[in-house]
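Coordinate inspection notes
Each chain is listed here by its residues.
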Amino acid sequence: MPVPSLDQALRAAAAELSAAGVPTPRVDAELLAAHLLGESLGRVRALAYTDAPAPAGYAELVAERAQRIPLQHLTGKAYFRRLELAVGPGVFVPRPETETVAQLAIDHARLVSGGAKVADLGTGSGAIAGSVAAEVPGSTVFAVELSPLALAWARKNLDPLGVTVLEGDLRTALAGHEGTFDVVASNPPYIPAGAVPNEPEAAEHDPAMALYGGGEDGLELPAAAAKTAARLLRRGGYFVMEHAEIQAEVIAARLASDPAWEDVTSHQDLNDRPRATSAVRSAR
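We now turn to the structure provided with this report. (Residues numbered from 1 in each chain as written. Predicted model: local features only at pLDDT ≥ 70, side-chain atom pairs only at ≥ 80, totals over all residues. Heavy atoms only, no water.)

**Considerations on the nonpolar core**
- By size, the foremost hydrophobic cluster in this structure holds 26 residues, and its most contacted members are Val118, Val132, Val141, Leu158, Val163 and Val240.
- Looking at this core, the elements with two or more residues in it are helix H6 (98–109), helix H7 (127–135), strand E4 (140–145), helix H8 (148–158), strand E6 (181–186), strand E7 (233–242) and strand E9 (274–281).
- For this core, the element with the most residues is H6, which contributes five residues.
- Not counting residues up to four positions away in its chain, the partners in contact with Val132 are Ala105, Ile106, Val118, Ser139 and Val141.
- Residues Leu219, Ala224, Ala260 and Trp261 belong to the second largest nonpolar core, which totals 25 residues. (Core = buried A, V, L, I, M, F, W, Y, C linked by side-chain atoms within 4.5 Å. Buried < 20%, exposed > 50% of the residue type's maximum accessible area, 1.4 Å probe, protein only. Helix = DSSP H or I, 4+ residues; strand = E, 2+ residues; numbered from the N terminus. Contact = heavy atoms within 4.5 Å.)

Now the structure itself:
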């Protein structure tokens, strides 16, 4: 059987992925080809205009993606801001909406003269901690993760960036560092117990430990992250946390009613949904 051209293979793959309900079928088809070819996305698009052949194993890889196995599990990497993160089974694949949280943490870390001390509670793959370390020179970054599987991915991604990676529970993290951090960020598990993610990639492949926040409203771990942040931050220190959009009002109200916090602010994600809340550690 003759080998199809790259263009033919991309078209067929996009159709197969579209029929399987993959949200971005053409882009995913191109990224899978780029992975096998060891080329950039732009180079793959250029090659599609030539008579270049499809790479070996391409149809099989596309078939796996059509089963809604996460693209990042098939390629072994996820892109987050300036980082290329190693990911796979056992770790939550970072989403673009979390870039808003990382940006807020970065912005406030940059305001600290002499280098900010930053903590990422529940780091997962290390997306937030790694972004701060890479984009705020002179910062001292700590990343805490409870899952042994996720911890292995975090260490792979963060050790080269000089981040201190610690195995631990975000509820009791960094004992002995009370009142010393300038910025604390967190993307804790926050999905309510009865909710199931809509996308099979999340429902079937993201670890439950990284998804469900505890309790019917999913707010047990977000509340714990805020409590730990209040313990770790110096006066005037900055806390930012991701959450579900339906949790925004409740989280803002809880932080505003806690004397540990002031300047409580809700933040929109890339799709203009309220997906993060920040607060400043008060003097009380």
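So much for the structure itself; the text now carries on.
**Re the sheet that holds E6**
- With mixed pairing, the seven strands of this open sheet are ordered in space as E5-E4-E3-E6-E7-E9-E8. Strands with a single pairing partner mark the edges of an open sheet, and in this sheet they are strand E5 (164–167) and strand E8 (261–268). Each strand of the sheet is rotated relative to its neighbour by a mean of 15°, with strand direction disregarded.
- The pairing of E8 with E9 spans six bridges and is antiparallel. Residue pairing for E9: Trp261 is matched across the bridge by Arg281.
- Taken strand by strand, H6 contacts strand E3 (117–121), E6, E7, E8 and E9, and its axis lies near 165° from that of E7.
- Lying over the sheet, helix H11 (residues 220–232) contacts E3, E6, E7, E8 and E9, oriented at roughly 160° with respect to E7. (Pairing = 2+ DSSP bridges. Axes fitted to C-alpha atoms, helices over the stretch in contact; angles between N-to-C directions.)

**What to know about helix H2 (residues 25–37)**
- Taking 1.5 Å per residue, 13 residues should reach 18 Å; H2 reaches 18 Å between its end C-alpha atoms and fits that length.
- Pro25, Asp28, Ala29, Glu30, Leu32, Ala33 and Ala34 are the residues of H2 that are buried.
- Close packing links the buried residues of H2 with helix H1 (6–19), helix H3 (41–47), helix H4 (58–66) and helix H5 (71–75). (Expected span 1.5 Å × (residues − 1).)

**Some points on the packing of H6 against H7**
- Here H6 crosses H7 at 40°, and the two axes come no closer than 9 Å. Put simply, H6 runs oblique to H7. The hand of the H6/H7 crossing is right-handed. Contact residues: H6 offers Thr98, Val101, Ala102, Ala105 and Ile106, while H7 offers Ile128, Ser131, Val132 and Glu135.
- Considering only residue class, the contact of H6 with H7 consists of six nonpolar, two polar and one charged. (Parallel < 35°, antiparallel > 145°, perpendicular 65-115°, else oblique. Left-handed = near helix turned anticlockwise from the far one by under 90°. Nonpolar A, V, L, I, M, F, W, Y, C, P; charged D, E, K, R; others polar.)

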